[in-house]
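What follows is each chain in one-letter form.
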Amino acid sequence: MRMKRRSFLAAGLAAAVRPARATEAASGVDVAVALAIDSSSSVSMDEFYLQMEGYAAAFRHPAVAEAIGSGRVGAIAVAMFEFADAKTHTMNLEWRRIGAAADLEAYAKECEIAPRLVVGGATAIGDAIDFAHEALDACPFPAARRVIDVSGDGASNQGRSVLAARADALAAGIAINGLPILNEEPALDAYYRLFVVGGPGAFVIPARDYADFREAIRDKLVREIRYVA
């Protein structure tokens, strides 16, 4: 039943973006990354905005621009959504194609002013992976690689099995990387390695706390973008 639901939703999303896909057939990217951001009850408002500031700083960093420019196409696609409960997912920033320096600055500014759209709830990582899978299926920019990036400060405690969601994503050729924030659960990086990440080049980059997130997300993006099989 879960697979049927996801297939139906993905088909609807794909239909919605088909005109864009047709008109932008030449606008491919080296990698499409769906950024899943924990917005559950364990994440305070200050912590959420530290994450967003970290993303803004990362997209402004020369190392990220250099990584993008090193690709065959020289562009990436990024979408960002918040997750909490099994049924609570909200796309905060829709798909953007990022290549030129102006694109990076524009996206950084969007991250700085984006409001928090999900406040509180459980942590349903399996359902977040499903939602990211659907979003990647609907991405309007043809991508050589597809990646889900999960960041958060807790293990999954609600919703679909993380292992089952991961298996579906990997079967579709999607890699999953993780950025666990260890302030609430010091062994969360081990949990991410066992249950969350997978696929070609999959990795975990932990952050000690939210203050450490900025450097961790920058390193994650560079490694993700530069990955070569």
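Residues numbered from 1 in each chain as written. Predicted model: local features only at pLDDT ≥ 70, side-chain atom pairs only at ≥ 80, totals over all residues. Heavy atoms only, no water.

1. Some words on the environment of proline 115
Item 1. Secondary-structure assignment places proline 115 in the loop between helix 4 (101-113) and helix 5 (125-137).
Item 2. Taking relative accessible area as the criterion, proline 115 reaches 43% and is therefore assigned partly exposed.
Item 3. For the pair formed by proline 115 and methionine 52, sequence separation is 63 residues and the distance between their alpha carbons is 9.4 Å.
Item 4. For proline 115, the residues in contact, after removing those within four places along its chain, are Phe48, Tyr49, Glu82 and Asn92. (Helix = DSSP H or I, 4+ residues; strand = E, 2+ residues; numbered from the N terminus. Buried < 20%, exposed > 50% of the residue type's maximum accessible area, 1.4 Å probe, protein only. Contact = heavy atoms within 4.5 Å.)

2. Considerations on helix 4
Item 1. If you check helix 4, its first and last C-alpha atoms are 19 Å apart, about what 13 residues at 1.5 Å a residue would give, namely 18 Å.
Item 2. Residues of helix 4 that are buried: Leu104, Tyr107, Ala108 and Cys111. End-on view of helix 4: buried residues confined to an arc of 105°, all on one side of the axis. Opposite the buried face of helix 4, at more than 90 degrees from it, the exposed residues are Ala102 and Ile113.
Item 3. Packing partners of the buried residues in helix 4 comprise helix 2 (45-60), helix 3 (62-69), strand 2 (76-83) and strand 3 (89-98). (Expected span 1.5 Å × (residues − 1). Arc of directions from axis to C-beta.)

3. Considering the packing of helix 2 against helix 8 (residues 213-226)
Item 1. Orientation of helix 2 relative to helix 8, taken along the N-to-C sense of each, is 45°, at an axis distance of 8 Å. Comparing their axes, helix 8 and helix 2 come out oblique. Pair helix 2 / helix 8 crosses with right-handed handedness. Facing Leu50, Gln51, Glu53, Gly54, Tyr55, Ala57, Ala58 and Phe59 of helix 2, the residues of helix 8 in contact are Phe213, Arg214, Ile217, Arg218 and Leu221.
Item 2. Taken together, the residues that form the contact of helix 2 with helix 8 break down as eight nonpolar, two polar and three charged. (Axes fitted to C-alpha atoms, helices over the stretch in contact; angles between N-to-C directions. Parallel < 35°, antiparallel > 145°, perpendicular 65-115°, else oblique. Left-handed = near helix turned anticlockwise from the far one by under 90°. Nonpolar A, V, L, I, M, F, W, Y, C, P; charged D, E, K, R; others polar.)

4. What to know about the nonpolar core
Item 1. Grouped together as the largest cluster of nonpolar side chains are 38 residues, with contacts concentrated most on Tyr55, Phe59, Met80, Ile98, Tyr107 and Cys111.
Item 2. Contributions of two or more residues to this core are made by strand 1 (29-38), helix 2, helix 3, strand 2, strand 3, helix 4, strand 5 (174-180) and helix 8.
Item 3. In this view, cysteine 111 contacts Met52, Tyr55, Ala56, Met80 and Leu93; residues no more than four positions away in its chain are not counted.
Item 4. Membership of the second largest hydrophobic core comes to 34 residues, among which are Ala34, Phe83, Ala165 and Val197. (Core = buried A, V, L, I, M, F, W, Y, C linked by side-chain atoms within 4.5 Å.)

5. Comments concerning helix 7 (residues 188-196)
Item 1. Among all positions in helix 7, only Leu188, Asp189, Tyr191, Tyr192 and Val196 are buried. End-on view of helix 7: buried residues confined to an arc of 155°, all on one side of the axis.
Item 2. The elements touched by buried residues of helix 7 are helix 5, strand 4 (143-152), helix 6 (162-171) and strand 5.

6. A short note on the packing of helix 2 against helix 4
Item 1. Between helix 2 and helix 4, the least distance of the axes is 8 Å, while the angle of their chain directions is 170°. As the angle between them shows, helix 2 and helix 4 are arranged roughly antiparallel. Facing helix 2, whose interface residues are Met52, Tyr55, Ala56, Phe59 and Arg60, helix 4 presents Leu104, Glu105, Tyr107, Ala108, Lys109, Cys111 and Glu112.
Item 2. Here the contact of helix 2 with helix 4 is composed, by residue class, of eight nonpolar, no polar and four charged.

7. Let's talk about a nonpolar patch on the surface
Item 1. A cluster of nonpolar residues, Leu163, Leu194 and Phe195, forms a patch on the protein surface that exposes about 270 Å² of accessible area.
Item 2. Mapped onto the elements, leucine 194 comes out in helix 7.
Item 3. Given a relative accessible area of 56%, leucine 194 falls into the exposed group. (Patch = residues over 30% accessible without salt bridge, like charges linked within 9 Å, V, L, I, M, F, W, Y side chains within 5 Å. Areas by Shrake-Rupley, 256 points an atom, 1.4 Å probe, with all protein chains shown as cover. Salt bridge = Lys/Arg side-chain N within 4 Å of Asp/Glu carboxyl O.)

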